[in-house]
Amino acid sequence: MKALEMQVAGGPEALRFSNRPTPSVAADELLLRVRCAALNYRDWDILRGAYGSFQLPLVLGSDAVAEVVQVGHGVTRFAVGERVLPTDTPDWITGPPDETRIARRLGGPLDGVLAELISVSAEAAVRAPAHLGDEEASTLAGAGVTAWQALYGSGGLEPGHTVVVQGTGGVSLFALQLARFGGANVIVLSRSAQKLERALALGATFGVDTRRTPEWQHEVLRLTNGRGADLVLDVLGGTAVARSIAATRVGGRVALLGFLEDGTAVLDLKQAIRRSVTLATSSGRSRDMFEALVRAFEAGGLHPVIDRSFAFQDAAAAFAHLASGAAFGKIVVRIAGPGEGTPPGPIDSRLAGS
Ligand SMILES: NC(=O)c1ccc[n+]([C@@H]2O[C@H](COP(=O)([O-])OP(=O)(O)OC[C@H]3O[C@@H](n4cnc5c(N)ncnc54)[C@H](OP(=O)(O)O)[C@@H]3O)[C@@H](O)[C@H]2O)c1
């Protein structure tokens, strides 16, 4: 079966297709045929060596929709033919994060989903929402669950609150949709006036062009009558963190999620303390959080925003597009349509425990 490997750190040209054996399936595992995989900024950071080092070669990608093609003999949770979404943090089922729950992630250090066939624990997958097509469903695991958790898990978002999202990538557009669904106001920051138009059409309450208004925290204060936002989802890091704190109301919260600008944050601690702003970080996601996101998508009939999809053989171009920062929403790689793909071959009876 075909897999896309990172063999050395580098640009999209460092990716190579390889032929790997069909993964074996243990008694508690599923063999999945991946239909679509969605890219995250983390995949690009890992490929270019900006996210620590992992054992190579490594199959990248953490988000996918897949069809169950075989089940281990002990599996009752899913049956052959079902459409599932692997969880990207497979050892974290419920409860708070701890060292063992978040250590293993798909797409680094574990091999990821940019492959025709993968095997995962049956506990580390959720049912795909029936109303979403394959491209849409593939996008939920990373950016979607992160946004849900930052808003409704740790974020405590309530109807009538105001949340600020930075940029128009995966996490921020999921947050825009989910916050509007929950009755909150959303201020979208973007480097592009054209992307802001699209965000407003999606339901954003206000848009702020950060090229024209680099000190955007003042604009957030103006738009909230001087009070500040209840919650800021900071995906930029760097100097933006100080602005995020200044844009947050007294007693509000900044979710520190990413570092698109810089992995070192510059902040005025006195300002943060004086305003009693809670700074919260997160890494990885539990299956419980994923199931809560799926329920929200089903209840709201929500559809993720897809920027563009690429054929599997053009996956390097998909990474180049991600790296350009030009996307509005998610980038998807199509791996196999329903009924397509190489047959997985006979189940490994030794591992299946029969
Ligand atoms: N902590 C977690 O668990 C977690 C989970 C998911 C993601 N993240 C992190 O959150 C960040 C965003 O991830 P994502 O997957 O949503 O990214 P993405 O889809 O690639 O979106 C990035 C968006 O940010 C804006 N942007 C502003 N400055 C940028 C810059 N210097 N380079 C690239 N884009 C820039 C762009 O929007 P405009 O053009 O509109 O400005 C761009 O579309 C990443 O740092 C990622 O690692 C963390």
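In case you missed it, the structure is sitting above this.
Now for a quick tour of the structure.

The rules behind the values
Residues numbered from 1 in each chain as written. Predicted model: local features only at pLDDT ≥ 70, side-chain atom pairs only at ≥ 80, totals over all residues. Heavy atoms only, no water. Pairing = 2+ DSSP bridges. Helix = DSSP H or I, 4+ residues; strand = E, 2+ residues; numbered from the N terminus. Phe/Tyr/Trp six-rings, centres within 6.5 Å; stacked < 30°, edge-to-face > 60°. Buried < 20%, exposed > 50% of the residue type's maximum accessible area, 1.4 Å probe, protein only. Right-handed = clockwise from strand over helix to strand, strands pointing away. Axes fitted to C-alpha atoms, helices over the stretch in contact; angles between N-to-C directions. Contact = heavy atoms within 4.5 Å. Near = heavy atom within 4 Å. Polar contact = N/O pair within 3.5 Å; in protein donor to acceptor, adjacent residues only side chain to side chain. Areas by Shrake-Rupley, 256 points an atom, 1.4 Å probe, with all protein chains shown as cover. Nonpolar A, V, L, I, M, F, W, Y, C, P; charged D, E, K, R; others polar. Salt bridge = Lys/Arg side-chain N within 4 Å of Asp/Glu carboxyl O. Core = buried A, V, L, I, M, F, W, Y, C linked by side-chain atoms within 4.5 Å.

**A closer look at the sheet that holds strand E4 (residues 58-59)**
Moving on, step 1. Read from one edge of the open sheet, three strands run E2-E1-E4, paired in antiparallel fashion. The open sheet has two edge strands with one neighbour each: strand E2 (15-19) and E4.
Moving on, step 2. Note that strand E1 (residues 2-6) and E2 share five bridges and pair antiparallel. Of the residues in E2, the one forming a bridge with Glu5 is Arg16.

**Quick look at the packing of aromatic side chains**
Moving on, step 1. Taken as a whole and judged by the stated rule, the model has four aromatic pairs.
Moving on, step 2. Here Phe17 and Phe312 contribute two aromatic rings whose centre-to-centre distance is 5.0 Å and whose plane-to-plane angle is 90°, an arrangement assigned as edge-to-face. One end of the pair, Phe17, is in strand E2; the other, Phe312, is in the loop between strand E15 (306-311) and helix H11 (315-324), and 295 residues separate them in sequence.
Moving on, step 3. With relative accessibility at 34%, the residue Phe17 sits in the partly exposed group.
Moving on, step 4. When the centroid spacing of 6.2 Å and the interplanar angle of 45° are considered together, the rings of Trp148 and Tyr152 count as tilted. Placement of both Trp148 and Tyr152 in helix H4 (residues 140-153) is noted, with a separation of four residues, approximately one turn of the helix.

**Quick notes on the pairing of strand E11 (residues 206-209)**
Moving on, step 1. Pairing of strand E10 (residues 185-190) with E11 involves four bridges; the strand directions are parallel. In the sheet register, Ile187 faces E11, and the bridge partner there is Phe206.
Moving on, step 2. Handedness of the crossover joining E10 and E11 through helix H6 (residues 193-201): right-handed.

**Concerning the sheet that holds strand E12 (residues 229-234)**
Hydrogen bonds between backbone groups are what pair the strands of a sheet, and the pairing can be parallel or antiparallel.
Moving on, step 1. Reading across from one edge, E11-E10-E9-E12-E13-E14 is the order of the six strands in this open sheet, with parallel pairing throughout. Whereas interior strands pair on both sides, the edge strands pair on one side only; in this sheet they are E11 and strand E14 (278-281). On average, each strand axis in the sheet is inclined to that of its neighbour by 20°, with strand direction left out of account.
Moving on, step 2. The sheet contacts of helix H7 (residues 216-223) involve strand E9 (162-166), E10, E11 and E12, and relative to E11 the element is tilted by about 160°.

**Section: the site of the ligand**
Moving on, step 1. Around the ligand, a shell composed of 23 residues is seen, among which Thr168, Gly170, Ser190, Lys195 and Ser282 lie nearest.
Moving on, step 2. Between an oxygen atom of the ligand and a main-chain N or O atom of Phe259, the distance comes to 3.1 Å.
Moving on, step 3. Out of a free accessible area of 930 Å², the ligand has 87% covered by protein chains.
Moving on, step 4. Its residues assigned to classes, the shell around the ligand shows nine nonpolar, 11 polar and three charged.

**Points about the pattern of salt bridges**
Moving on, step 1. All told, the structure shown has 17 salt bridges when counted by the stated rule.
Moving on, step 2. For Arg35, the salt bridge is made with Glu67, and the minimal N-O distance between the two is 3.1 Å. Remark: Glu67 occurs in strand E5 (residues 63-71) and Arg35 occurs in strand E3 (residues 29-38); sequence separation between them is 32 residues. Taken individually, Arg35 and Glu67 each receive the classification buried, so the pair is uniform in this respect.
Moving on, step 3. Across the pair Asp134 and Arg35 runs a salt bridge, and its minimum N-O distance is 3.2 Å. Remark: Arg35 occurs in strand E3 and Asp134 occurs in helix H3 (residues 134-137); sequence separation between them is 99 residues. Pair check on accessibility: Asp134 and Arg35 agree, each one buried.
Moving on, step 4. A cluster of three or more residues bridged by salt bridges with shared partners is formed by Arg35, Glu67, Arg83 and Asp134.

**Points about the nonpolar core**
Moving on, step 1. Grouped together as the largest cluster of nonpolar side chains are 46 residues, with contacts concentrated most on Leu85, Leu140, Leu151, Leu178 and Leu233.
Moving on, step 2. Taken together, the elements giving at least two residues each to this core come down to E3, H4, E9, helix H5 (170-181), E10, H6, E12 and helix H10 (287-300).
Moving on, step 3. At eight residues, the largest contribution of residues to this core is made by H4.
Moving on, step 4. Sequence-distant contacts of Leu233, that is, excluding residues within four places in its chain, are made with Ala150, Leu151, Val163, Val164, Val165, Gln166, Ala175, Ala255 and Leu257.
Moving on, step 5. In terms of nonpolar packing, the next biggest core, distinct from the first, is built from 45 residues, Val34, Ala66, Val75 and Phe78 among them.

**Considerations on the environment of Leu236**
Moving on, step 1. Locating Leu236 in the fold gives a position in the loop between E12 and helix H8 (240-246).
Moving on, step 2. You can call Leu236 partly exposed: its relative accessible area is 23%.
Moving on, step 3. With 23 residues separating them along the chain, Leu236 and Phe259 place their C-alpha atoms 4.6 Å apart.
Moving on, step 4. Setting aside residues up to four positions removed in sequence, Leu236 forms contacts with Gln166, Gly258, Phe259, Leu260, Glu261 and Asp262.

**Observations concerning the side chain of Ser138**
Moving on, step 1. In this structure, Ser138 sits in the loop between H3 and H4.
Moving on, step 2. Since its relative accessible area comes to 0%, Ser138 is described here as buried.
Moving on, step 3. A distance of 2.8 Å separates the side chain of Ser138 from the backbone oxygen of Glu135, its partner in a polar contact.
Moving on, step 4. Residues within four places of Ser138 in sequence aside, it is in contact with Cys36, Ala37, Ala38, Asp63, Ala64, Val65 and Val332.

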